[in-house]
Amino acid sequence: MRLPLVPSDSPLLRTPAAPINDVTAVRQLSTNMIETMVAEGGVGLAAPQVGTSLRLFVTGVDGQYLTFINPELSDFSTERILWEEGCLSLPRLLGKVERPQKVTVSAHDMTDQAFSIAADQLLARVLQHEYDHLEGILFPDRMTDQSTLRKLTEEEWQTRYDERGQHDGQVDA
Ligand code: ZN
């Protein structure tokens, strides 16, 4: 089931999310979030974006759909790259954010198994963006040069939506 996104000014987007104690209680939520992410044309989606303040996010990079429960990030690379990001919770806004190029994520999956992934490039970027959602942080907070913030027209945003997944480096999450 596709879930509605909370509005841009929802306090949920600014609230640190709570840890998950029972994985079975979020299985349906995870399935619905992947469906919602795909329908919205995103490469990532965090539970607070769909109205649930729990530490869960999903990603869909290179056609691989992953669920991360109680994720932690570590091993941030010293190489950082500047990349333009968008956010499903901030429609039409884009801005350049500098972040570590690589990061390692440790989390639990839907069967409550622990796993970790050393991520690079787009996945590393999406993981950091989604983790921020669990902390109540939005990408403009991470921008060091606010002059790169731009707002697309409805038509441009739609075109970008149509092209999502076909262009490397397009981060709407
Ligand atoms: Zn986002």
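Above this text is the structure in question.
Residues numbered from 1 in each chain as written. Predicted model: local features only at pLDDT ≥ 70, side-chain atom pairs only at ≥ 80, totals over all residues. Heavy atoms only, no water.

Chemist: In this structure, what is going on with the nonpolar core? I would like to understand it.
Modeler: Among soluble globular proteins, nonpolar side chains are generally buried collectively. Phe-57, Val-61, Phe-68, Leu-73, Val-126 and Leu-127 are the most contacted members of the largest nonpolar core, which totals 21 residues. At the level of elements, β2 (56-61), β3 (64-74), β6 (102-108) and α2 (121-134) are the ones that each hand at least two residues to this core. When residues of this core are assigned to their parent elements, the largest contribution, seven residues, is made by α2. Listed in part, the 15 residues of the second largest apolar core include Met-37, Leu-45, Leu-56 and Ile-69. (Core = buried A, V, L, I, M, F, W, Y, C linked by side-chain atoms within 4.5 Å. Buried < 20%, exposed > 50% of the residue type's maximum accessible area, 1.4 Å probe, protein only. Helix = DSSP H or I, 4+ residues; strand = E, 2+ residues; numbered from the N terminus.)

Chemist: Teacher, can you tell me more about the pattern of salt bridges here?
Modeler: Pairing between side chains of opposite charge can happen when their charged atoms approach one another. The final tally for this structure, using the stated rule, is ten salt bridges. A salt bridge links Asp-141 to Arg-14, with the nearest nitrogen and oxygen atoms 2.7 Å apart. Within this pair, whereas Asp-141 is found in helix α3 (residues 139-142), its partner Arg-14 is found in the segment before α1 (27-40), the two being separated by 127 residues in sequence. Judged by relative accessible area, Asp-141 falls into the partly exposed class, the value being 43%. With a closest N to O distance of 2.8 Å, Asp-132 and Arg-142 form a salt bridge. Of the two residues, Asp-132 is situated in helix α2 and Arg-142 in helix α3; the sequence distance between them amounts to ten residues. Several salt bridges share partner residues, and in doing so they unite Glu-85, Arg-99, Arg-125, Asp-132 and Arg-142 into one network. (Salt bridge = Lys/Arg side-chain N within 4 Å of Asp/Glu carboxyl O.)

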